[in-house]
Each structure stands twice: as structure tokens, then as C-alpha cells.
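So you can see what is in the structure, the chains are spelled out below.
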Amino acid sequence: MTAPTPMDPVAQPVRLLIVDDDPLVRAGLALMLGGADDIDIVGEAADGSEVADLVDRLRPDVVLMDIRMPTMDGLTATEALRTRPDAPEVIVLTTFHADEQVLRAIRAGAAGFVLKDTSPARIVDSVRRVAAGDPVLSPAVTRRLMARAAGTGPGGDRVDRADRARRRIATLADREREVAIAVGRGRSNAEIAAALYLSVATVKTQVSRILARFDFNNRVQIALLVYDAGLLDDDGAGPAA
């Protein structure tokens, strides 16, 4: 007779902190996210200046952070949070009109971003994915932001950035490079595993190695590096100078 296997521990709900200066937006987010059995809204804040104290007291796993707030904006709050060793993941709430601010948040270590008019189901899924260590990369929005980043600054700066990115990518092993490009295309760990005939655990290991090699906070920064190196172009050419 086969011995019974121990039951898997019950997964704990994702602890979520909502930060937005508009009470109607906070109420709407709380309504849509609070209906998910696996998400526990532990607190709300109306300004970035309130975030540090709430994180200390409530220990959220994920912070859903608006960008524009009156006293301390979401960018400054995100940068401060991500310097902490026990920092929660941050998802930035944005619109298409905030490209430069979103890029700043991503480079500070935000785990992803969602548009305010995103469907409730997709916002819920984004919180779940980020909490599970699979930061949200919307391919359409990411490409727009990367294109914006590539188009800023003098031409020489863009060339230098591309050269630096290619040199860094060249230090990766072949499989790591393939994983990095897949991350840049916005694929989840499961999608990368299926495409490259790897286990999900192996993909996670490869991503962790890339993050450690370049001292990155998250895979969104890998995507920016891959874009700067020109590896997301269909013809394989680098970004235009």
C-alpha cells in the first residue's frame, strides 16, 4: 500500500499595497483586485511619502504604484523602495503619455507596468505574475518605451549605449543569450521553456545568472539591454544611430 503523500502547504495570498492619489482609482483597484481569492489588499496610500512607513508595518509582497502624486511621486518612492534589501516588488501604473517616467521607474527596479485602462483580469494576472517572480512585460508597451529610450539624447550617446550593450551581451553563454532575447520579447518563463525546450526551473536559473552578472534588479532591465544591443530587431541589426 502506497504511503500517503504530505499535503502541499496552502499558498499564502499575495499581500498588495495600492498607492494612488485619486480615491476613486484606489476604490476601483481595490474592488477589482479584492475579488481575487489569492490577493489580500493590506493597505492603501494616497502619496509616495506614505509608502515607506506602510511597507515597514504591512510587509506587502507587491506595491501597485501610481506615477503622479503631489508630495512624493511614484518614481521617487520606487527608487527609495528598491534600495532596501527586503523590498517588495513594484508595478507601476501609467498611461502612454508617461514614457520617460516609466523608463526611469524600470531602471530603478520596478518589476513591470500596467496601463490604467488595462482590463481588470489582466491587472489581477499582473499582480500574480510579479508576486511569483515573473515580472510583467507587455511586448507592445515595452517596445514603445524602448523605442523612446533609443530615441533620446544625442546620436553619439545611442551609439555608445549600443556598443556597451553588445559588449555585455557578448559575455553571455549561448543559452543565456537566447534566454535574454526571449525575455526581451516579453515571454514568460513558461513560454521561454517551451520555445527553448528547457524546464521552467532551468529558465529561472538562467535568468538569475544574467541578473547577477549585470547586477540588475529584474528582467525588465535585461529587456532594455537586449534592445540596446539591437537583438530585438527583425533583421538583427542594431538600433539606428
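The shown structure was predicted, so the numbers you read here are calculated from the model rather than taken from an experiment.

Caption draft 1: Region of the structure containing the sheet that holds strand β3 (residues 62–66). One open sheet accounts for 5 strands, arranged β2-β1-β3-β4-β5; its pairing is parallel. Either end of the sheet is taken by a strand with one partner, and the two such strands are β2 (39–45) and β5 (112–115). Each neighbouring strand pair of the sheet contributes to a mean axis angle of 25 degrees, computed without reference to strand direction. Of the strand pairs in this sheet, β3 and strand β4 (residues 89–94) are connected by 5 bridges, and their pairing is parallel. Within the sheet, the bridge partner assigned to D66 lies in β4 and is L93. This element, helix α1 (residues 23–34), spans β1 (14–19), β2, β3 and β4 of the sheet and lies at about 170 degrees to β2.

Caption draft 2: View of the pairing of β2. As judged from the 6 bridges shared by β1 and β2, these two strands associate in the parallel manner. Within the sheet, the bridge partner assigned to R15 lies in β2 and is D40. Regarding the hand of the β-α-β motif, the stretch spanning β1, α1 and β2 is right-handed.

Caption draft 3: Quick peek at helix α8 (residues 174–184). Of all the positions in α8, only E176, V179, A180, I181, A182, V183 and G184 are classed as buried. Just downstream of α8, G186 is the residue with a positive phi angle, here 85 degrees.

Caption draft 4: Region of interest: the confidence of the model for the protein chain. The pLDDT averaged across the protein chain works out to 81; a share of 80% of its residues lies at or above 70. Below pLDDT 50 for its whole length, residues 1–9 participates in 0 contacts with residues either more than four positions away or in separate chains. Confidence drops under pLDDT 50 across residues 234–241; counting only partners more than four residues distant or on other chains, this segment forms 17 contacts.

Caption draft 5: Here's a closer look at the side chain of T78. Among the secondary structure elements, T78 is positioned in helix α3 (residues 74–81). Since its relative accessible area comes to 0%, T78 is described here as buried. Engagement of the side chain of T78 in a polar contact is seen with the backbone oxygen of G74, the distance being 2.7 Å. Those residues in contact with T78, other than ones at most four positions away along the chain, are M65, V90, A105, A108 and A110.

Rules behind the numbers
- Residues numbered from 1 in each chain as written.
- Predicted model: local features only at pLDDT ≥ 70, side-chain atom pairs only at ≥ 80, totals over all residues.
- Heavy atoms only, no water.
- Pairing = 2+ DSSP bridges.
- Helix = DSSP H or I, 4+ residues; strand = E, 2+ residues; numbered from the N terminus.
- Axes fitted to C-alpha atoms, helices over the stretch in contact; angles between N-to-C directions.
- Contact = heavy atoms within 4.5 Å.
- Right-handed = clockwise from strand over helix to strand, strands pointing away.
- Buried < 20%, exposed > 50% of the residue type's maximum accessible area, 1.4 Å probe, protein only.
- pLDDT = per-residue confidence, 0-100.
- Polar contact = N/O pair within 3.5 Å; in protein donor to acceptor, adjacent residues only side chain to side chain.

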